[in-house]
Amino acid sequence: MDAHDLYNNLTNGHGFPPLGIPPVAPVPAMVSFDIEWSGIIDSAKVVNVMHNFRGQFVKTGATIDWSAESANFAFQSESPNPARNLYALIGHEQNGVFFHLEADDE
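Residues numbered from 1 in each chain as written. Predicted model: local features only at pLDDT ≥ 70, side-chain atom pairs only at ≥ 80, totals over all residues. Heavy atoms only, no water.

Enquirer: Where do I start with the overall build of the protein in this structure?
Expert: Within the protein, the secondary structure is distributed over one helix and four strands. For the protein, the α and β elements follow one another from N to C terminus as α-β-β-β-β. By the compact-globule yardstick of 13 Å for 106 residues, the protein is too spread out, its C-alpha radius of gyration being 20 Å. Dimensions of the protein, computed from C-alpha atoms along their principal axes, come out at roughly 55 × 35 × 20 Å. Put simply, the protein has 106 residues, and 19% of those count as buried. Taking as baseline every contact in the protein between residues at least 6 positions apart, the subset at least 24 positions apart corresponds to 52%. (Helix = DSSP H or I, 4+ residues; strand = E, 2+ residues; numbered from the N terminus. Rg over C-alpha atoms; globule rule 2.2 N^0.38 Å. Buried < 20%, exposed > 50% of the residue type's maximum accessible area, 1.4 Å probe, protein only. Contact = heavy atoms within 4.5 Å.)

Enquirer: Which parts of the structure should I look at to understand unusual backbone geometry?
Expert: Peptide bonds are trans in most cases, and residues, glycine excluded, mostly fall at negative phi. Positive phi, normally seen in glycine, also occurs at Asn 12, with a value near 55°. Within the fold, Asn 12 resides in the loop between helix H1 (6–10) and strand S1 (29–48). For Asn 12, a relative accessible area of 60% translates into the label exposed. Located in the positive-phi region is Asn 52, a residue other than glycine, with phi close to 50°.

As structure tokens, this is what we get:
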């Protein structure tokens, strides 16, 4: 369902009059994402025991093609262009209650 904006999503279509956001009823919608990841440019492990955080990250190339469609609206992104990729990152992190020390943490 497309709720138009965050306030209509959180209020089930009732808007938020104090901020002048009118009510908008949710409508059926569909989005599609096609992401292609390519190559490893760099990788890093980050551990911050003080903030209970650990992450393994891989910087990579990526392109995305996406579209959205509802009864009264359709959008298609421009064709993916790897030369316009500013930054793509894949990661796995642990934080808060999911954080625990490992033998190789510094």
